[in-house]
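So you can see what is in the structure, the chains are spelled out below.
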Amino acid sequence: MLILGIETSCDETGGAVVADGRRVISDVLFSQTDIHSRFGGVVPELACRRHVDVIDHVVDEAFSKAGLDPEAIDAVAVTQGPGLVGALWIGIAFSKAFAYRYRKPLMAINHLEGHLAACELDGATIQYPAVGLVVSGGHSSLYELAGGGKIREVGRTIDDAAGEAFDKGAKMLGLGFPGGPEVDRLAATGDPRRFDFPRARTDNRMDFSFSGLKTSLRYTLDRLRRQGDAVDGCRADLAASYQAAIVDSVVARCVVALEKNGAKMLVASGGVAANSCLRRALAAVCAEREIALVIPSPVRCTDNGAMIAAAAYWHRDDIRESGFRLAPRPHWPLG
Ligand code: KG4
Ligand code: ZN
């Protein structure tokens, strides 16, 4: 079964053709990082305009790279939410026209489910019961995955998402946007034990919180500047220590979730799952507990069209036409 997946929920325009929810035939991504980096964050209006400019080229290229004609696909899948409402509208409007033109069913997909389904691209199969972690720029959530499409949210962030913690921390450290990859790179040369940043306690719960950590970084930077210590000299140690605090908090909550539901597998995705320190830490806790771990390759952790096609394949038995009344759901919790 061939599905065209379209993703425009934030600042990446993605179009991909995926076979049977697993085999990526083509995956084209237009990233807008250069447009937003000078503002230090995604500017919704600019994101929308760029999606409009490039979406038809992205989809054309997805078909030419796949060596397929649009007639060959079985369905069009598009992100309906959550995300930026204007950005979502572009993908949805384009998909409606495309589905109408080629008389294909149109499937509306939850972006967070897309991140989880990305774990099955590259050949892995989720073993149930599993725990799913989605850590991205907009979300930090833990899910119990029972199979057969049953997904229950068991933890969410009560303030910032993990990606926001990375991005805002990076800004304070004078690094570029998006901050996560910059912190990841700089932290590789730093000492994660030099600064003792707080880890929000779990108390056996699975909700995330990063605002205290962010404030702590601000106070630490203020203190260093007051004392006349050059922040430049310890930027890598600050990045490594700050990253370690985020990673410890995320991993602690995964451990609670894994122990509570007797999971066979942990699947982790979303942009922050591209983080090298988090990947190593999750691999260690899963190995200790003999739990399988699937994390997509870093390029499939961040937003892309293939993950939307993969999630659509999970719903292949109820390919209902979402219809031409389809509208964005900017706040659409999963499970
Ligand atoms: O999933 P994603 O592409 O978009 C959303 O759905 O939000 O995630 C983007 C987030 C950004 O906050 C970015 O800084 C973060 O993922 N990110 C990383 C890394 N790569 C991307 N965070 C930490 N380490 C990375 N290597
Ligand atoms: Zn995402």
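Scroll up to find the structure this text is about.
Quick caveat: nothing in here was measured; it's all calculated off a predicted structure.

Asker: Run through the coordination of the zinc ion (ligand 2), naming residues and quoting values.
Answerer: Within the first shell, the zinc ion (ligand 2) binds the protein through H111 (NE2), H115 (NE2) and D303 (OD), at distances of 2.0 to 2.1 Å. Written as a sequence motif, the donor arrangement for the zinc ion (ligand 2) is H-x3-H-x187-D. Placement of H111 in helix α4 (residues 111–117) and of D303 in the loop between α10 (298–301) and α11 (305–314) is noted, with a sequence separation of 192 residues between them. For H111, a relative accessible area of 5% gives the class buried.

Asker: Explain the packing of aromatic side chains to me, and be specific about the residues and the numbers.
Answerer: Applying the stated criterion across every chain, the model contains seven aromatic pairs. Where F195 meets F197, the ring centres are 6.3 Å apart and the plane angle is 25 degrees; that geometry is what we call stacked. Judged on exposure class, the residue F195 and its partner F197 are both buried. Members of the aromatic cluster, connected to one another through ring pairs, are F63, F94, F98 and Y102. R316 extends its terminal NZ or CZ atom over the ring of Y313, reaching a point 3.9 Å from the ring centre.

Asker: Please set out the sheet that holds strand β3 (residues 23–31) residue by residue, giving values where relevant.
Answerer: The strands that make up a sheet are held in pairs by hydrogen bonds between backbone atoms, and each pair lies either parallel or antiparallel. Strand order in the open sheet formed by five strands is β3-β2-β1-β4-β5, with mixed pairing between adjacent strands. Of all strands in the sheet, those with a lone pairing partner are β3 and β5 (106–110), marking the two edges. With direction set aside, neighbouring strand axes in the sheet form an average angle of 20 degrees. When strand β1 (residues 2–7) meets strand β2 (residues 12–19), the two strands line up antiparallel, connected through six bridges. Along β2, the bridge assignment pairs E7 with G14. Packed onto the sheet, helix α2 (residues 44–66) meets β1, β2 and β3 and runs at close to 25 degrees relative to β2. The strands touched by α11 within the sheet are β1, β2, β3, β4 (75–81) and β5, with β1 carrying the most contacts at an inclination of about 130 degrees.

Asker: So what about the pattern of salt bridges? Which residues, and what values?
Answerer: For the structure on display, the rule yields 18 salt bridges. The residue D53 makes a salt bridge to R50 at a minimum N-O spacing of 3.6 Å. With D53 and R50 both in helix α2 and three residues apart, the pair spans about one turn of that helix. Among the ionic pairs, D232 bridges to R235, the shortest N-O distance being 1.9 Å. Several salt bridges converge on common partners, so that one network encompasses D160, E164, K168 and K214.

Asker: A description of α11 should follow, citing residues and the corresponding values.
Answerer: Counting buried residues in α11 gives nine out of ten residues, a clear majority hidden from the surface. All buried positions along α11 are accounted for by G305, A306, M307, I308, A309, A310, A311, A312 and Y313. A distance of 3.1 Å separates the backbone nitrogen of A306 from a side-chain oxygen at the start of α11, and that oxygen is part of N304.

Asker: Lay out the side chain of S241 in plain terms, naming residues and giving numbers.
Answerer: Along the chain, S241 falls in helix α8 (residues 235–261). Classification of S241 by relative accessible area gives buried; the value is 0%. From its side chain, S241 meets the backbone oxygen of D191 in a polar contact 3.2 Å long. With sequence-adjacent residues up to four places away left out, S241 is seen in contact with D191, P192, R193, R194, F195 and F197.

Asker: Can you explain the packing of helix α5 (residues 162–172) against helix α6 (residues 179–187)? Please cite residues and give values.
Answerer: The contact between α5 and α6 brings their axes to 7 Å, and the two run at 70 degrees. In terms of axis orientation, α5 runs roughly perpendicular to α6. As for the relative orientation of α5 and α6, their crossing is left-handed in sense. Packed against α5, whose contacting residues are F166, D167 and A170, the element α6 presents G179, G180 and V183 at the interface.

Asker: Account for the nonpolar core, with residues named and values stated.
Answerer: Ranked by size, the top nonpolar core spans 52 residues in total, and within it L133, L142, L238, I246, V250 and L282 carry the most contacts. Contributing elements (two or more residues each) for this core: β6 (130–135), α5, α6, α7 (211–226), α8, β9 (265–269) and α9 (276–289). Looking at which element gives the most residues to this core, the answer is α8, with 14 residues. Leaving out residues up to four positions away in the same chain, I246 has contacts with A162, A165, F166, F210 and L213.

Rules used in this analysis
Sequence order sets the numbering: in each chain, residues are counted from 1 along the sequence as written. Ligands are numbered from 1 and chains lettered from A, in the order in which they are written. A pLDDT threshold of at least 70 governs which residues receive local features in this predicted model, and a stricter bar of 80 or more applies before side-chain atom pairs are shown or counted, although totals over entire chains, interfaces and linings include all residues. Calculated side-chain values reflect all of the structure's heavy atoms, with hydrogen atoms and water omitted. Keep in mind that water is not among the atoms, so a site may look incomplete; donors are the N, O and S atoms within 2.8 Å of the metal, or 3.2 Å for Na, K and Ca. Helix and strand assignments come from DSSP, with helices taken as H or I runs of at least 4 residues and strands as E runs of at least 2, each series counted from the N terminus. Each residue is assigned to one of three classes by its accessible area relative to the maximum for its type, calculated with a 1.4 Å probe on protein chains only: buried under 20%, partly exposed between the two thresholds, exposed over 50%. In this scheme Phe, Tyr and Trp rings, the latter by its six-membered ring, pair at centre separations within 6.5 Å, and the angle between planes marks the pair as stacked below 30 degrees, edge-to-face above 60, and tilted otherwise. Remark: a charge is flagged as sitting over a ring if the NZ atom of Lys or the CZ atom of Arg is within 6 Å of the ring centre and within 35 degrees of the ring normal. The pairing criterion is simple: DSSP has to find at least two bridges between the two strands. Axes, fitted as lines to C-alpha atoms, cover a helix only where it is in contact. Angles between the N-to-C directions of the axes lie from 0 to 180 degrees. Here, two residues are considered to be in contact whenever any of their heavy atoms come within 4.5 Å of each other. Should a side-chain nitrogen of Lys or Arg be within 4 Å of a carboxyl oxygen of Asp or Glu, the pair is scored as a salt bridge. The definition of a polar contact used here is a pair of N or O atoms within 3.5 Å, where within protein one atom must be able to donate a hydrogen and the other to accept one, and adjacent residues in sequence count solely through side-chain atom pairs. Angles are sorted into four bins: roughly parallel if under 35 degrees, roughly antiparallel if over 145, roughly perpendicular if 65 to 115, and oblique for all others. By definition, turning the near helix anticlockwise from the far helix through less than a right angle yields a left-handed crossing, and turning it clockwise yields a right-handed one. Throughout, nonpolar core names a set of buried Ala, Val, Leu, Ile, Met, Phe, Trp, Tyr and Cys residues whose side chains join them through atoms within 4.5 Å.

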